[in-house]
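Chain by chain, the residues:
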Amino acid sequence: MSKDAFWALIQEAKTACGQDLNAMEDYLREQLVSMGPAAAKNFHDILQTYEDLADQYGLWDAVSVIKEYGCSDDGFIDFRAWLIAQGKEVYMNALRDPDTLADIEPYGDCCFECLSYVGDYAYEQLTGRSAYDEMEPDRIEKMRDELKKDIVYKDGIQYPREPKDLPRFLPRLCEKYGGPERFLAAPSTWNYDLHEIRRLLDEGNTIPFIARYRKELHGAMDDLSLIHISEPTRQE
């Protein structure tokens, strides 16, 4: 399955199912099973790669504005799947400028967890094996390089921001969801040193690396601990 075939199938499913995410999951699974194991595995790998390419702090800030009560790390994964389900144009526009999400109607809590697994479900149904177990790092890296060629990232999308800085980065979203006053008065939603995070990102470290290996910067707190410490915070 090519990237064009991937997006065509996503659009086909969205056209058929609209905002019914359960129906879209079933539709995609049925189509992938009918297309065979190679297509199911390729769909899975492409989707996982697009989710990874959308793992940007500026986009996380955007969905936190939309949700109003914040967005946890798991919630951000589910949002990226939901974003992919909106189609290629919406996905690419959101990375070019997350503020374009002001034009998109939120539904389903902007989460589509099952989309992340639908290719794996179809592949396992066909083969009895997990697509996750057969992901080849070298192949995925080449796929990432290829898919990234189509993406134009907004300058600064890789950085997190304090609430007071969000109206400048996301003016339309902030106006739509609470107005600038909401963000001027809000406490920080990030529970770590933003300057240090910026330095690590500038040095080429990835978000998963920082989350896993630099926990001293954010205290390695669990979701419940963060909820008790700050409100609003990046929790669901």
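Report on the accompanying structure. Note that this is a predicted model, so its numbers are computed, not measured. (Residues numbered from 1 in each chain as written. Predicted model: local features only at pLDDT ≥ 70, side-chain atom pairs only at ≥ 80, totals over all residues. Heavy atoms only, no water.)

### With respect to the pattern of salt bridges
Inspection of the entire model under this criterion finds 13 salt bridges. The salt bridge partner of Arg144 is Asp52, with a shortest N-O separation of 2.1 Å. One end of the pair, Arg144, is in helix α8 (residues 137-148); the other, Asp52, is in helix α3 (residues 37-53), and 92 residues separate them in sequence. Residue Asp52 is classed as partly exposed on the basis of its relative accessible area of 35%. Through salt bridges with shared partners, a single ionic network connects Lys3, Glu146, Lys149 and Asp150. (Salt bridge = Lys/Arg side-chain N within 4 Å of Asp/Glu carboxyl O. Helix = DSSP H or I, 4+ residues; strand = E, 2+ residues; numbered from the N terminus. Buried < 20%, exposed > 50% of the residue type's maximum accessible area, 1.4 Å probe, protein only.)

### Details of the packing of aromatic side chains
Tallied over the entire structure, the rule returns 12 aromatic pairs. Arranged with centres 5.6 Å apart and planes meeting at 35 degrees, the rings of Phe6 and Tyr50 form a pair that is tilted. Residue Phe6 is found in helix α1 (residues 3-17), and its partner Tyr50 is found in helix α3; the two are separated by 44 residues along the sequence. For the pair Phe6 and Tyr50, one class covers both residues: buried. (Phe/Tyr/Trp six-rings, centres within 6.5 Å; stacked < 30°, edge-to-face > 60°.)

### Some thoughts on helix α2 (residues 21-35)
Taking 1.5 Å of rise per residue, the 15 residues of α2 would be expected to cover 21 Å, and the 21 Å separating its terminal C-alpha atoms lies within 8% of that figure. Turning to α2, its buried residues number three or more, namely Leu21, Met24, Glu25, Leu28 and Leu32. End-on view of α2: buried residues confined to an arc of 100 degrees, all on one side of the axis. Turned more than 90 degrees off the buried face of α2, the exposed positions are Asn22, Glu30 and Ser34. Those residues of α2 that are buried lie in contact with α1, α3, α5 (73-85) and α7 (115-127). Capping the start of α2, Asp20 holds a side-chain oxygen 3.3 Å from the backbone nitrogen of Asn22, two or three residues further along. (Expected span 1.5 Å × (residues − 1). Arc of directions from axis to C-beta. Contact = heavy atoms within 4.5 Å. Polar contact = N/O pair within 3.5 Å; in protein donor to acceptor, adjacent residues only side chain to side chain.)

### Notes on the side chain of Thr100
Looking at the element boundaries, Thr100 is found in the loop between α6 (88-96) and α7. Overall, Thr100 belongs to the buried group, its relative accessible area being 15%. At a separation of 2.8 Å, a polar atom in the side chain of Thr100 contacts the main-chain carbonyl oxygen of Asp97. The residues contacting Thr100, other than those within four sequence positions of it, are Asn93, Ala94 and Arg172.

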